[in-house]
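Coordinate analysis (summary)
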Amino acid sequence: MVTHTDQKLELLKHTPLLAELGRRELEEVGRLAEEVDVPAGRVLMREGDTGREFFVVVDGTVSIDREGTRLRTLEPGDFFGEVALLSEGPRTATATAETPSKLLVLGHREFHSLMSQFPSIQTSVLNCLATRLRHLEPEAAH
């Protein structure tokens, strides 16, 4: 019999951000993360609002828009919400579920706990952030 915990660990294991973690680490992430199902059209965060959560897309697609312009569409394995949590500033974009989606959500405290406990996750988040910055601000790469 497969338990909800086993299903959650399977979801976590197949998320690229967490792929390098062992079972004990995944169990800790599972303890910290809340699994949430959202309908298409649900606004998950608004540009300018205070950031309180970090999201990992498990299933579905999420659009990221700034000032009404589409920046990108996120798919399973992608994550968002890290900028406001790292900078402790306002959200830099609006995220909306394009399709019914399953997300892992970490609150501010849980996000920082995860980043400090697992250097590989911290490195992945910071590398992704640097890549996004490089694409948005080409002159910042120099």
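Anything mentioned here points back to the structure above.
Please read these numbers as outputs of a predicted model, since none were measured by experiment.

Looking at the pairing of strand β3 (residues 53-59)
In terms of residue burial, β3 counts as a mostly covered element, since five of its seven residues are buried. Of the pairings in the sheet, the one linking β3 to strand β8 (residues 101-107) comprises six bridges and is antiparallel in character. Note on β8: the bridge partner recorded for Val56 is Leu104. Taken together, the two bridges between β3 and strand β6 (residues 79-80) define a ladder with antiparallel strand orientation. Each residue of the ladder has a partner; that of Phe55, found in β6, is Phe80.

A closer look at unusual backbone geometry
Phi is positive for Glu67, which is not a glycine, with a value near 50°. Among the residues examined, Glu67 registers a relative accessible area of 70% and is labelled exposed.

A closer look at the nonpolar core
Counting residues in hydrophobic clusters, the biggest one holds 21 residues, and the most contacted among them are Val29, Phe54 and Ile121. For this core, the secondary structure elements donating two or more residues are α1 (4-13), α2 (23-32), β3, β8, α4 (108-117) and α5 (119-136). Among the nonpolar cores identified, the runner-up in size contains 14 residues, and Val38, Leu44, Val57 and Leu74 belong to it.

Some details on the packing of aromatic side chains
Scanning the entire structure with this criterion turns up two aromatic pairs. Relative to Phe79, the ring of Phe54 has its centre 5.5 Å away and its plane inclined at 45°; by these criteria the two rings are tilted. Taken together, the positions of Phe54 in strand β3 and Phe79 in strand β6 put the pair 25 residues apart, joining distant regions of the chain. The same class applies to Phe54 and to Phe79, which are both buried. Ring centres of Phe55 and Phe80 lie 4.7 Å apart, and the angle between their planes is 10°; on these two criteria the pair is classed as stacked. Remark: Phe80 occurs in strand β6 and Phe55 occurs in strand β3; sequence separation between them is 25 residues. In terms of burial, Phe55 and Phe80 fall into one category: buried.

Calculation rules
- Residues numbered from 1 in each chain as written.
- Predicted model: local features only at pLDDT ≥ 70, side-chain atom pairs only at ≥ 80, totals over all residues.
- Heavy atoms only, no water.
- Buried < 20%, exposed > 50% of the residue type's maximum accessible area, 1.4 Å probe, protein only.
- Helix = DSSP H or I, 4+ residues; strand = E, 2+ residues; numbered from the N terminus.
- Pairing = 2+ DSSP bridges.
- Core = buried A, V, L, I, M, F, W, Y, C linked by side-chain atoms within 4.5 Å.
- Phe/Tyr/Trp six-rings, centres within 6.5 Å; stacked < 30°, edge-to-face > 60°.

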